[in-house]
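The primary structure of each chain is shown beneath.
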Amino acid sequence: MRFLWDIIKKILIIFIGSSVLAVVMYRYIPVYITPLMVIRVVEQKNAGKPMKLKHNWVPIDEISQNMVQAVVASEDNLFLSHNGFDFEQIDKAIDEAKSGRRNRGASTISQQTAKNVFLWNGGGWFRKALEAYFTVLIEVLWGKERIMEIYLNSIEMGDGIYGVEAVAQENFGKKAVKLTKRDAALIAATLPNPLRFDSSHPSAYMRKRQKQILSLMDKIALVEMGAK
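Residue numbers restart at each chain and count upward from 1, following the sequence in its written direction. Local features in this predicted model are restricted to residues of pLDDT 70 or higher, and side-chain atom pairs are both shown and tallied only at a pLDDT of 80 or more, whereas totals for entire chains, interfaces and linings draw on every residue. Where side-chain values are given, they derive from all heavy atoms of the structure, hydrogens and water being excluded.

Draft legend 1. How the structure looks around the pattern of salt bridges. The salt bridge definition used is simple: a Lys or Arg side-chain nitrogen within 4 Å of an Asp or Glu carboxyl oxygen. Using the criterion set out here, one finds twelve salt bridges in the structure. Glu139 is paired through a salt bridge with Lys144; the nearest N and O atoms lie 2.9 Å apart. The exposure classification of Glu139 matches that of Lys144, with both residues buried. Here the salt bridges do not stand alone but share partners, grouping Arg40, Glu43 and Glu156 into one network. Using a 1.4 Å probe on the protein chains alone, a residue whose accessible area is under 20% of its type maximum counts as buried, one over 50% counts as exposed, and one in between counts as partly exposed.

Draft legend 2. Expanded view of the side chain of Arg146. One can find Arg146 in helix H7 (residues 144–154). For Arg146, a relative accessible area of 11% gives the class buried. A contact between two residues is defined here by any heavy atoms of the two lying within 4.5 Å. If we ignore the near neighbours within four places in the chain, the residues touching Arg146 are Tyr26, Arg27, Tyr28, Ile29, Pro30 and Trp57. Comment: elements are numbered from the N terminus, with helices defined as DSSP H or I runs of at least four residues and strands as E runs of at least two.

Draft legend 3. Here's a closer look at the nonpolar core. The term nonpolar core refers to a set of buried residues drawn from Ala, Val, Leu, Ile, Met, Phe, Trp, Tyr and Cys, joined through side-chain atoms within 4.5 Å. Met67, Met148 and Leu152 are the most contacted members of the largest nonpolar core, which has 51 residues in total. When residues of this core are assigned to their parent elements, the largest contribution, six residues, is made by helix H3 (residues 65–75). Met67 has contacts with Leu152, Val164, Leu179, Ala184, Ile187 and Ala188, leaving out every residue within four places of it along the chain.

Draft legend 4. Structural detail: the packing of aromatic side chains. In summary, the pairing rule links any two rings of Phe, Tyr or Trp, Trp by its six-membered ring, whose centres are within 6.5 Å, and it sorts them by plane angle into stacked for under 30 degrees, edge-to-face for over 60 and tilted for everything else. For the structure on display, the rule yields seven aromatic pairs. Arranged with centres 6.0 Å apart and planes meeting at 55°, the rings of Tyr26 and Phe118 form a pair that is tilted. Of this pair, Tyr26 sits in helix H1 (residues 2–26) while Phe118 is found in helix H5 (residues 109–118), placing the two residues 92 residues apart along the sequence. On the numbers, 6.1 Å between centres and 35° between planes, the contact of Phe118 with Trp142 is tilted. In this pair, Phe118 is assigned in helix H5 and Trp142 in the loop between helix H6 (125–141) and H7, connecting sequence segments 24 residues apart. For the pair Phe118 and Trp142, a shared accessibility class is recorded, and that class is buried. Here a set of aromatic residues connected by ring pairs shows up, and it is made of Phe15, Tyr26, Phe118, Tyr133, Phe134 and Trp142. Put simply, a charge is over a ring when the Lys NZ or the Arg CZ is close to the ring centre, within 6 Å, and near the line of the ring normal, within 35 degrees. Of note, Lys144 hangs over the ring of Phe79, and the distance from its end group to the ring centre comes to 4.7 Å.

If you want it as structure tokens, here you go:
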């Protein structure tokens, strides 16, 4: 038993050391590839489809502020105030799951970023535990601006499209810094399922969602003005 415990301790030390090192490195260097990008390319190949991976890293000052407001409005209203977890939404998601109603998403932008950069899609308590661990690390070691920068550069935004710059060029024919409020809201409307919803061919549902996000963006802008 002591021998087994020694092995477990060594594995834990290696994992914690390597994960902290990776998080520290990504505080300063761009994230050019993620596990999901690799998984999607493999899925495309196995399905006999053309392999597509479009991803262009840009610093946050080359991304329209409209896009920042749109993802906060649609994905995580409390992004600037929470410490990585929105416990109210988590409680609501648990209650809905227990009652058999449709599960809601409860992941914050920080949690999504942790998953996108270090993990894989899917459920299970083990992956969720790892997601929580990496969420705490990036909240402590990156801060909100860096989390947002990496989120906007790594999130899946279409079939083989990752990040705001890639989707802006592919679907709107412009750079991310030039995205309008309507462009940004339409992109944000795809995020629940970017493989189903296409910002270049928006459905009636997406147009409705776009209007809702635009309204939330206006409210966020008013709150920010009041804070100033």
